[in-house]
Amino acid sequence: MGKKKKDQVLTYPGQVFDAEDTDLFYIIELMRRFQSSQRFSRERIFDGLTRKEIEEKTKKLFIPNSRYMRDAHLVAEANISSQEELQPMYVVQYKQAIEKIETKIQKLSKSKRKNKDDIIASKQSRVRKLTKKMNFYQHHIDNGTVSKTIDGTKALLRLLNQGKITKSDWREARSNQLFSRGEASKGGNENMKLEHVKDNVFFLRVLNPLSGKKGDRIVLPVRFPDKFVATIVTYLA
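So, here is what we can say about the structure in this document.

Reading the values: rules and limits
Residues numbered from 1 in each chain as written. Predicted model: local features only at pLDDT ≥ 70, side-chain atom pairs only at ≥ 80, totals over all residues. Heavy atoms only, no water. Salt bridge = Lys/Arg side-chain N within 4 Å of Asp/Glu carboxyl O. Axes fitted to C-alpha atoms, helices over the stretch in contact; angles between N-to-C directions. Helix = DSSP H or I, 4+ residues; strand = E, 2+ residues; numbered from the N terminus. Parallel < 35°, antiparallel > 145°, perpendicular 65-115°, else oblique. Left-handed = near helix turned anticlockwise from the far one by under 90°. Pairing = 2+ DSSP bridges. Phe/Tyr/Trp six-rings, centres within 6.5 Å; stacked < 30°, edge-to-face > 60°. Buried < 20%, exposed > 50% of the residue type's maximum accessible area, 1.4 Å probe, protein only. Lys NZ or Arg CZ within 6 Å of the ring centre and 35° of its normal.

**Brief notes about the pattern of salt bridges**
Piece 1. Under the criterion given, the structure shown has eight salt bridges.
Piece 2. Taken together, the salt bridges that share partners define one network made up of Glu29, Arg32 and Arg33.

Encoded structure:
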């Protein structure tokens, strides 16, 4: 749960407990489809499709709900914008790393170490790899384009390629989020509603377009750390 206050978003971590199997099935499926629609939307943005064109496609392919699909498109846009902002930073970081290694190479070339040629060759190989990565991002900056990202993080992808995690673990890391915005015109968040039941017990009621029943909601019992409960209850009042 997050609440915007003075241009900051405050996040309160909660934990689902004692949820019904059917509700767990639907929330997992809803997250999977939402993440798939977000990735699909991002690729269609790169293809030049408009938001309306993308939403029409994702509603048919993933979740038959305009609000969810608008939010998936929003996340995709934010992902692209974030990557665009990070590209110059990547170039600077790679350039600095290259300069440090080249300085070490210069010092080594003047040293009397017996194996300095092998060490220099290894460091020169590292410089070539870093230069290739730096040029990759510089190319996108020069051409006004954005490099594509890897969902599930590059670190997990490396672990998958090394056989240290399973494909199931990889898929779960790429399919474990659901995002929905509140709208002032609607008086809050239509897709996700948090309700205080008693003490440190809340119900998160998530709109479920997958059941085929109009207005159907997934009900997830949620607890928050005790220190946040009073604050959250105040927000909900």
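**Observations regarding the packing of helix α3 (residues 66-109) against helix α4 (residues 116-143)**
Piece 1. Packing of α3 against α4 brings their axes to within 9 Å, and their N-to-C directions diverge by 160°. The pairing of α3 with α4 is recorded here as roughly antiparallel in orientation. Note on packing geometry: the crossing formed by α3 with α4 is left-handed.

**So, the pairing of strand β6 (residues 217-223)**
Piece 1. Where strand β3 (residues 15-16) meets β6, two bridges bridge the pair, whose relative direction is antiparallel. For glutamine 15, the partnering residue across the bridge sits in β6 and is arginine 223.
Piece 2. In this structure, strand β5 (residues 201-207) lies alongside β6, joined through six bridges in antiparallel fashion. The partner of valine 206 across the bridge, within β6, is isoleucine 218.

**Focus on the packing of aromatic side chains**
Piece 1. By the definition in use, this model includes eight aromatic pairs.
Piece 2. Ring centres of tyrosine 90 and tyrosine 137 lie 4.8 Å apart, and the angle between their planes is 50°; this geometry places the pair in the tilted category. Here the residue tyrosine 90 occupies a position in helix α3, and tyrosine 137 occupies one in helix α4, the gap between them amounting to 47 residues.
Piece 3. With a relative accessible area of 6%, tyrosine 137 lands in the buried category.
Piece 4. Through a chain of ring-to-ring contacts, the aromatic side chains of Tyr90, Tyr94, Phe136 and Tyr137 assemble into a single cluster.
Piece 5. Directly above the ring of phenylalanine 40 sits arginine 44, whose terminal nitrogen or CZ lies 4.5 Å from the centroid.
Piece 6. Lying over the aromatic face of phenylalanine 17, arginine 223 brings its terminal NZ or CZ to 3.7 Å of the ring centre.

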